[in-house]
Amino acid sequence: MVTELANLKSISKSFGGIHALRSVNFDVRPGEVHALLGENGAGKSTLMRVLGGEIIPSQGEVSSLMESGPSFAILETHAHLASS
């Protein structure tokens, strides 16, 4: 049985009247590699910020088995790739 390091279930996030995420499900298991692709404004950064614990979703559930809680290393890697 493979245990998820992080699990995002039915995540939604709105900023005012703008829906950045709508009912997103995403999980991370040991050894997996993920790539998020999409147009500008598709919610990629918002999803990573929810996963990293930087922002709280409007709806949904985030669970993590990471020892120290959500990993901001994920956000740092994302920010580095986005600026490249």
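Residues numbered from 1 in each chain as written. Predicted model: local features only at pLDDT ≥ 70, side-chain atom pairs only at ≥ 80, totals over all residues. Heavy atoms only, no water.

Draft legend 1. Representation of the overall build of the protein chain within the structure. The number of helices and strands found in the protein chain is two helices and three strands. Helices (α) and strands (β) of the protein chain occur, in sequence order from the N terminus, as β-β-α-β-α. Residues counted as buried form 24% of the 84 residues belonging to the protein chain. Within the protein chain, residue pairs in contact and separated by at least 24 positions form 50% of the contacts whose partners lie at least 6 positions apart. (Helix = DSSP H or I, 4+ residues; strand = E, 2+ residues; numbered from the N terminus. Buried < 20%, exposed > 50% of the residue type's maximum accessible area, 1.4 Å probe, protein only. Contact = heavy atoms within 4.5 Å.)

Draft legend 2. A look at the packing of aromatic side chains. Within this structure, the stated rule accounts for zero aromatic pairs. Above the face of the Phe 15 ring, Lys 13 is positioned so that its terminal group lies 5.2 Å from the ring centre. (Phe/Tyr/Trp six-rings, centres within 6.5 Å; stacked < 30°, edge-to-face > 60°. Lys NZ or Arg CZ within 6 Å of the ring centre and 35° of its normal.)

Draft legend 3. Quick peek at unusual backbone geometry. One non-glycine residue with positive phi stands out, namely Ser 10, at about 55°. Backbone geometry places Ser 23, a non-glycine residue, at a positive phi of 50°. With respect to the helices and strands, Ser 23 occurs in strand S2 (residues 18–28). In this structure Ser 23 comes out as exposed when scored by relative accessible area, which is 52%.

Draft legend 4. Up close: helix H1 (residues 44–51). Among the residues of H1, those classed as buried are Thr 46, Leu 47, Met 48, Val 50 and Leu 51. One or two positions beyond H1, positive phi appears at Gly 53, with a value near 85°.

Draft legend 5. Representation of the sheet that holds strand S1 (residues 6–15). Strand order in the open sheet formed by three strands is S2-S1-S3, and the pairing between neighbours is antiparallel. Either end of the sheet is taken by a strand with one partner, and the two such strands are S2 and strand S3 (59–64). Here the average twist between neighbouring strands, direction ignored, is 20°. (Pairing = 2+ DSSP bridges. Axes fitted to C-alpha atoms, helices over the stretch in contact; angles between N-to-C directions.)

Draft legend 6. Region of the structure containing the pattern of salt bridges. One pass over the structure, following the stated rule, counts four salt bridges. Between Arg 29 and Asp 27 there is a salt bridge whose closest N-O contact spans 3.1 Å. Overall, the relative accessible area of 22% leaves Asp 27 in the partly exposed class. Two residues, Arg 29 and Glu 32, come together in a salt bridge whose shortest N-O distance is 3.5 Å. Relative accessible area serves as the criterion here: at 28%, Arg 29 is assigned to the partly exposed category. Among the residues examined, Glu 32 registers a relative accessible area of 34% and is labelled partly exposed. A single salt-bridge network, built from bridges that share partners, covers Glu 4, Asp 27, Arg 29 and Glu 32. (Salt bridge = Lys/Arg side-chain N within 4 Å of Asp/Glu carboxyl O.)

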